[in-house]
Amino acid sequence: MSLLNFRKPKEETTTPVNPQVEAFLKDYSIEVMPRTAEKVDDFRDLLPAGTRVYIAHIEGTPIDDMVATAKRLAADGYNVMPHFPARIIKDRATLADWIARYQGEANVKQALLLAGGVTTPHGDFSDSMQLMETGLFDKAGFTRLHVAGHPEGNRDIDTDGKRLKVDAALRWKNDFQSRTDAKMAIATQFAFEAQPIIEWADSLKYAGITLPIHIGIAGPAKLQTLIKFAIACGVGPSLKVLQKRAMDVTKLLLPYEPNDVIAELAAHKAENPDFNITNVHFFPLGGIKTNANWAIAHGGASAVPASHLKDRS
């Protein structure tokens with residue numbers, strides 16, 4: 001090869017990882033749906049080995065698709081946590097069947113229990129507490145149950161904008177953990193501003209709710225996409241963070257990244273080790289690969305993507 005044609009490779013420049021953010025992202029989880037999971041060739045190229053992967057069950061998704069996705073992820077070495085939305089589960093027999101299929105085909109032992117996004121229940125259940133009271137998860141040997149949390153409230157439950165009903169439900173679930181062997185945590189809706197999240201988490205602690213919090217964070221995405229999802233999901237005051245960004249022409253076309261909210265929460269956690277937010281849960285609204293790559297770039301690959309471990313002893 002002619003030396004005249006040789007070009008020195010361009011040196012890559014990387015931003016140093018913030019150690020507080022890296023620590024905060026340890027053991028993060030991520031949410032997928034069967035249709036979004038189908039777009040990923042190999043999760044092991046993206047997610048650290050052992051990552052908890054939630055599978056969202058949207059109304060109309062066949063249980064066959066849910067179980068097949070759980071089976072695939074479990075085979076790749078991930079901790080699978082499917083959603084059990086109470087309002088789309090017809091009856092106790094249906095719930096028992098879902099539990100048996102997840103266990104029998106994918107060895108699932110974790111579940112996120114929630115009311116679900118539909119207004120009118122399809123059958124006997126209307127909230128996650130009724131699912132817990134069946135005793136079926138305990139009987140099947142489920143070792144971990146997560147429940148939903150709403151840092152900015154939930155107007156579908158508390159129509160007056162306050163948090164009386166959702167907080168009462170969390171107290172009930174906190175008591176459930178105290179009287180059972182269930183290992184539990186709160187997995188929250190996403191929000192975009194750190195200070196209201198911190199205040200909400202502190203308020204639960206002061207109220208005697210000891211369940212650890214896995215804070216929902218929207219992954220990198222187009223601004224328009226985030227605003228659409230935020231409105232649809234009932235995100236409250238922190239929506240103004242996106243609206244303010246949308247008014248800045250210089251940022252309007254740039255993708256949103258959760259750098260600020262993560263950095264502020266990570267700094268608070270570093271200064272307050274007993275802070276009850278223990279984990280980050282990502283909603284990959286801009287795509288699973290985009291979210292996973294953002295996490296890797298910010299230290300979330302401390303556990304190394306599973307594919308990198310294939311040939312190691």
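Report on the accompanying structure. Counting of residues starts from 1 at the beginning of each chain's written sequence and follows it residue by residue. In keeping with the model being predicted, local features are shown solely for residues with a pLDDT of at least 70 and side-chain atom pairs are shown and tallied solely at 80 or more, while totals for entire chains, interfaces and linings include all residues. Hydrogens and water are ignored here; the side-chain numbers use all heavy atoms of the structure.

### Topic: the overall build of the protein chain
Piece 1. Secondary structure summary: the protein chain contains 13 helices and 8 strands in total.
Piece 2. Across the 313 residues of the protein chain, 46% fall into the buried class.
Piece 3. Note on contacts: a residue pair qualifies if any of its non-hydrogen atoms lie within 4.5 Å across the two residues. For the protein chain, the share of sequence-separated contacts (at least 6 apart) that also reach a separation of at least 24 residues comes to 79%.
Piece 4. Total accessible area computed for the protein chain in this model is approximately 16,400 Å², and 52% of it derives from carbon and sulfur atoms. Only runs of H or I of at least four residues qualify as helices and only runs of E of at least two qualify as strands under DSSP, and these elements are numbered from the N terminus. For every residue, the accessible area obtained with a 1.4 Å probe (protein chains only) is divided by the maximum for its type, and the residue is called buried under 20%, exposed over 50%, and partly exposed between those limits. A 1.4 Å probe and the Shrake-Rupley method give the accessible areas. Residues count as covered only by the protein chains that appear here.

### Examining unusual backbone geometry
Piece 1. A positive phi angle, near 60 degrees, is found at Asp-27, a position not held by glycine.
Piece 2. Structurally, Asp-27 can be placed in the loop between α1 (19-24) and β1 (29-32).
Piece 3. Despite not being glycine, Asn-107 has its phi angle at roughly 55 degrees, a positive value.
Piece 4. Note that Asn-107 resides in the loop between α4 (92-106) and β4 (110-114).

### Details of the packing of aromatic side chains
Piece 1. Each pair of aromatic rings taken from Phe, Tyr and Trp, with Trp reduced to its six-membered ring, is defined by centres within 6.5 Å and is described as stacked if the planes are under 30 degrees apart, edge-to-face if over 60, and tilted in the remaining cases. According to the stated counting rule, one finds 10 aromatic pairs in the structure shown.
Piece 2. Aromatic pair Tyr-28 and Phe-282: ring centres 5.4 Å apart, planes at 75 degrees, arrangement edge-to-face. Pair noted here: Tyr-28 is in the loop between α1 and β1 and Phe-282 is in strand β8 (residues 277-283), with a separation of 254 residues, a long-range link. As far as burial versus exposure is concerned, Tyr-28 and Phe-282 are alike and both buried.
Piece 3. Consider the rings of Phe-84 and Trp-98, whose centres lie 6.3 Å apart with planes at 45 degrees: the pair is tilted. Here Phe-84, found in strand β3 (residues 79-85), pairs with Trp-98, found in helix α4; they are 14 residues apart in sequence, far enough to count as distant.
Piece 4. Three or more aromatic residues joined by ring pairs form one cluster here, namely Phe-84, Trp-98, Tyr-102, Phe-137 and Phe-142.

### Some remarks on the pattern of salt bridges
Piece 1. What counts as a salt bridge is simple: a side-chain nitrogen of Lys or Arg found within 4 Å of a carboxyl oxygen of Asp or Glu. In this structure the tally under the stated criterion is 5 salt bridges.
Piece 2. As a salt-bridge pair, Asp-76 and Arg-44 come within 3.7 Å of each other at their nearest N and O atoms. Of the two residues, Asp-76 sits in the loop between α3 (63-75) and β3 while Arg-44 sits in the loop between α2 (34-37) and β2 (52-55), which places them 32 residues apart along the sequence.
Piece 3. With a relative accessible area of 18%, Asp-76 lands in the buried category.
Piece 4. Taking the relative accessible area as the measure of exposure, Arg-44 reaches 26% and is therefore partly exposed.
Piece 5. Here Asp-274 makes a salt bridge to Lys-205, at a shortest N to O gap of 3.1 Å. Pair noted here: Asp-274 is in the loop between α12 (259-271) and β8 and Lys-205 is in helix α8 (residues 194-206), with a separation of 69 residues, a long-range link.
Piece 6. Ionic contacts of the salt-bridge type, sharing partners, join the residues Asp-42, Arg-44 and Asp-76 into one network.

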